[in-house]
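These are the residues of each chain, in order.
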Amino acid sequence: MYHHAAAPQQKDFSQGKIWRIITEQAVPLTIAQLIHLLYNVVDRIYIGHLPEVGSLALTGVGLTFPFSTLILAFANLFGTGGTPLFSIARGAGLEERAKQILGNVFTLSVASSVVIFGLCFYFRVPVLYLFGASDATIGYAESYLRVYLYGVLFSMIVTGMNGFISALGFPRTAMWTTVIGAVLNLILDPIFIFGLNMGVQGAAAATVISQGVSALWIMRFLLGKQNEYRLTLAHMRVKAGLVKEILGLGVTGFMQQFTNCLVQIVCNVTLQTWGGDVYVGIMTIINSIREIASLPVSGLSSGAQPVLGYNYGAGKPHRVKEGIRFMSIAGVVYTAAMWLVILLFPAVFIRIFSNDAQTIALGVRATRIYFMGFVFMSLQFMGQSTFVGLGKAKRAVFFSILRKVVIVVPLTLLLPLFLGTDGVFLAEPVSNLAGGLACFVTMWVTVYRKLE
C-alpha cells in the first residue's frame, strides 16, 4: 500500500479540480471511519442479541461510552491539532517543521495513554455508577471496561496518527488501517462472545486485539524508510512551542469529543432518573445509529481539512472557497436524505441492535424526535472543519462549547421536567438547529467572504 514513494501529483493538493481532490480524500476516509466504527457497533449488535440478558448487557456497554469518548477526545487533541499544522507546513514547503509536528504528536499520544489508562482503570466502578449504572447493569459495564482499557495505547495511536497518513496523500493506506482491524474484530467477536462464552469481556478483548494490529500497521508506515516523513527519535523530542500550537488547534477536536462525553453522561443519568435502564439502552442504540448516519458527512469534512489547509498555506484562497462550497452543499444534501430515511424506517435501524419488543416500541418515538434536526448537524461539521483546516482554533472551540455545553446540557436537564424522557431526545435537534446555524453563518461571514 505504501511501499512506493508518492508521486508529486498525489501530494500537491493545489492542482486539479478541488471537488475531485476532496472526494478522493473523503471516500477512503469515510470507508475507514465506517470500518473503524464497526469495532464498537458490531460489539453492540452481538451483545444486544445475547440470549435473555441482551438488553441489560447492551445498556451496560452503553454506560462505558463516556470512557471511550474521553480517549477519543485526547487522541483528537493531538491528532486533529497536529494534522492541519502538518498540512499547512507541507503546503508552505517547511518539511523539517512538518516532521517535528508528526514526532511530537506521537510522543504526546503515547504519554497521555499511560495516564488515561491508570486513572480510568482505578476509578472505573465508582465512575460507572456516577455515569448512570444501576445494580442490574454495573456487572456488564465493569466487565467490558476492565478489558477494553488495556487497548488505550492502541486506540490513541490509531485515532491520533492515522490522519497523518491521509494528509501525506495516502488515504487508501489510512483506510486499510481500519479495514485490517475491523475485519479481525468481525472474526474474533463471535468466537470470543459465543464460542468461548466470554460475553461482554469477549467483545472487549476482540476490540483490543484488533486495535493492536491496526496500531502495528500504522507504525510500519510511520517507521518505513520509503516514507520521507518517517518517525524518528530526534523529531519525537517534545518542543514546548510546537506543543502549544498543537494543543491550541487540537483543543477544537478535544472539545468536540469532551463535550460529547459530557452530553452522554448527562443523558444517561437523566434517562436513568426518568425512564430507567430501558431508556439508557435506547440511547445506546440511537447513538449507534447517529454514528453510522453521520459518517459520510464526517468523512467529507475530514477529507476536506488537509486540502483546505494545504491550499491556504499555498496562498490559493479561491480554491479554499471552492472547497468550502462543495463540502457544504454535499453535506446538506446527504443529511437531508438520511434524515428522511430514518424518519420513515426507525424500527429497521433499532432491530439491528435489539429484538426486545419494549425497546423497539419506545425507541421508534425517541429516534424520530432525536433525528428531527439532523440536516442542521452538517452545518456544524462544515463550519468547524473550515475553522480547523485554516488554523482558526478559537472560533471552532467556541461553537463546539456553544452547541454541547450551553445548549444541549441545560436542555437535557430542563426539558424532562415538562416532557419526560421525550425532553432528553428533543435537546439534540434543538441544539443542531441553533448551534449549527450559528457556526456555519459565522464561518461564512468571517472566513469565507474574507478570503481574497
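What you see is a predicted model, and the numbers here were worked out from it, not measured in a lab.

Peer 1: Before we go on, may I ask you to explain helix H7 (residues 138-148) in this structure?
Peer 2: Since the α-helix packs 3.6 residues into each turn, any two residues three or four apart lie on the same face. Among the 11 residues that make up H7, 8 are buried, leaving the element largely enclosed by the rest of the structure. All buried positions along H7 are accounted for by Ile-138, Ala-141, Glu-142, Ser-143, Tyr-144, Leu-145, Val-147 and Tyr-148.

Peer 1: Help me out: how do you make sense of the packing of helix H12 (residues 240-274) against helix H21 (residues 421-446) in this one?
Peer 2: Think of two packed helices as two axes; the pair is described by the angle between the axes and how far apart they sit. The contact between H12 and H21 brings their axes to 9 Å, and the two run at 160°. If you check the angle between H12 and H21, you find them roughly antiparallel. Only Thr-421, Val-424 and Phe-425 of H21 make contact with H12, whose side of the interface consists of Cys-267, Thr-270, Leu-271 and Trp-274. Of the residues belonging to the contact of H12 with H21, the class tally is 5 nonpolar, 2 polar and no charged.

Peer 1: Looking at this model, I keep getting lost on helix H8 (residues 152-167). Mind explaining?
Peer 2: Counted at 1.5 Å a residue, the expected span for H8 with its 16 residues is 22 Å, and the 24 Å between its end C-alpha atoms agrees. A bend of about 30° at Met-161 is the largest found in H8. Most of H8 sits inside the fold, with 12 of its 16 residues counted as buried. Those residues of H8 that sit buried are Val-152, Ser-155, Met-156, Ile-157, Val-158, Gly-160, Met-161, Asn-162, Phe-164, Ile-165, Ser-166 and Ala-167.

Peer 1: Would you explain the environment of Thr-412 in this entry?
Peer 2: On the secondary structure map, Thr-412 appears in helix H19 (residues 393-414). Separated by 142 residues in the primary sequence, Thr-412 and Thr-270 have C-alpha atoms spaced 7.5 Å apart. At 2.8 Å, the side chain of Thr-412 and the backbone oxygen of Val-408 are in polar contact.

Peer 1: In this structure, what is going on with the nonpolar core? I would like to understand it.
Peer 2: Formed by 133 residues in total, the largest nonpolar core has its most connected members in Phe-86, Ile-101, Leu-128, Met-161, Leu-222, Ile-289 and Phe-425. In terms of residue count, H12 provides more of this core than any other element does, 12 residues in total. Apart from the residues within four sequence positions on either side, Phe-86 is in contact with Ala-98, Ile-101, Leu-102, Phe-164, Ala-167, Leu-168 and Tyr-229.

Peer 1: Could you clarify how one ought to interpret the packing of aromatic side chains in this entry?
Peer 2: Each aromatic ring pair is summarised here by two numbers: the centre-to-centre distance and the angle between the ring planes. For the structure shown, the criterion picks out 17 aromatic pairs. Look at Tyr-144 and Tyr-148: their rings are 5.7 Å apart centre to centre, the planes differ by 20°, and that puts the pair in the stacked class. Residue Tyr-144 and its partner Tyr-148 are both found in helix H7; the two are separated by 4 residues, about one turn of the helix. On the basis of relative accessibility, which here comes to 7%, the residue Tyr-148 falls in the buried class. Where Phe-398 meets Phe-399, the ring centres are 5.0 Å apart and the plane angle is 85°; that geometry is what we call edge-to-face. Assessed through its relative accessible area of 5%, Phe-399 is described here as buried. Three or more aromatic residues joined by ring pairs make a cluster, and in this case those are Phe-74, Phe-254 and Phe-258. The lysine or arginine in question, Arg-124, covers the ring of Phe-121, its NZ or CZ lying 4.3 Å from the ring centre. For the cation-ring pair, Lys-321 lies above Tyr-448, with the distance from its terminal atom to the ring centre recorded as 4.9 Å.

Peer 1: What is the right way to read unusual backbone geometry from this model?
Peer 2: For residues other than glycine, phi is negative in most cases, and the peptide bonds are mostly trans. One non-glycine residue with positive phi stands out, namely Asn-197, at about 55°. Mapped onto the fold, Asn-197 is located in the loop between helix H9 (171-195) and helix H10 (199-222). The exposure class of Asn-197 is exposed, given its relative accessible area of 68%.

Peer 1: Honestly, the confidence of the model for the chain in this entry has me stumped. Any pointers?
Peer 2: Scored by pLDDT, the chain comes out at a mean of 84, with 96% of its residues at no less than 70. The lowest-confidence element of the chain is helix H1 (residues 8-11), averaging 43 in pLDDT; the highest-confidence one is helix H20 (residues 416-419), averaging 93. Across residues 1-10, confidence stays below pLDDT 50; counting only partners more than four residues off in sequence or on other chains, it has 13 contacts.

Peer 1: For this particular structure, what's the right way to read the state of the cysteines?
Peer 2: Simply put, disulfide is the name for a covalent bond between the sulfur atoms of two cysteines. Counted according to the given criterion, the structure contains 0 disulfides. In this structure Cys-120 is not part of a disulfide, and its nearest cysteine sulfur, from Cys-261, lies 9.1 Å away. Overall, Cys-120 belongs to the buried group, its relative accessible area being 8%. Cysteine Cys-267 remains unbridged, with the sulfur of Cys-261 as its closest cysteine sulfur at 12 Å. For Cys-267, a relative accessible area of 7% corresponds to the buried category.

Here is what the cut-offs are and how they apply
Residues numbered from 1 in each chain as written. Predicted model: local features only at pLDDT ≥ 70, side-chain atom pairs only at ≥ 80, totals over all residues. Heavy atoms only, no water. Buried < 20%, exposed > 50% of the residue type's maximum accessible area, 1.4 Å probe, protein only. Helix = DSSP H or I, 4+ residues; strand = E, 2+ residues; numbered from the N terminus. Axes fitted to C-alpha atoms, helices over the stretch in contact; angles between N-to-C directions. Parallel < 35°, antiparallel > 145°, perpendicular 65-115°, else oblique. Contact = heavy atoms within 4.5 Å. Nonpolar A, V, L, I, M, F, W, Y, C, P; charged D, E, K, R; others polar. Expected span 1.5 Å × (residues − 1). Bend = angle between axes of the 7 residues up to and from the residue. Polar contact = N/O pair within 3.5 Å; in protein donor to acceptor, adjacent residues only side chain to side chain. Core = buried A, V, L, I, M, F, W, Y, C linked by side-chain atoms within 4.5 Å. Phe/Tyr/Trp six-rings, centres within 6.5 Å; stacked < 30°, edge-to-face > 60°. Lys NZ or Arg CZ within 6 Å of the ring centre and 35° of its normal. pLDDT = per-residue confidence, 0-100. Disulfide = S-S within 2.5 Å.

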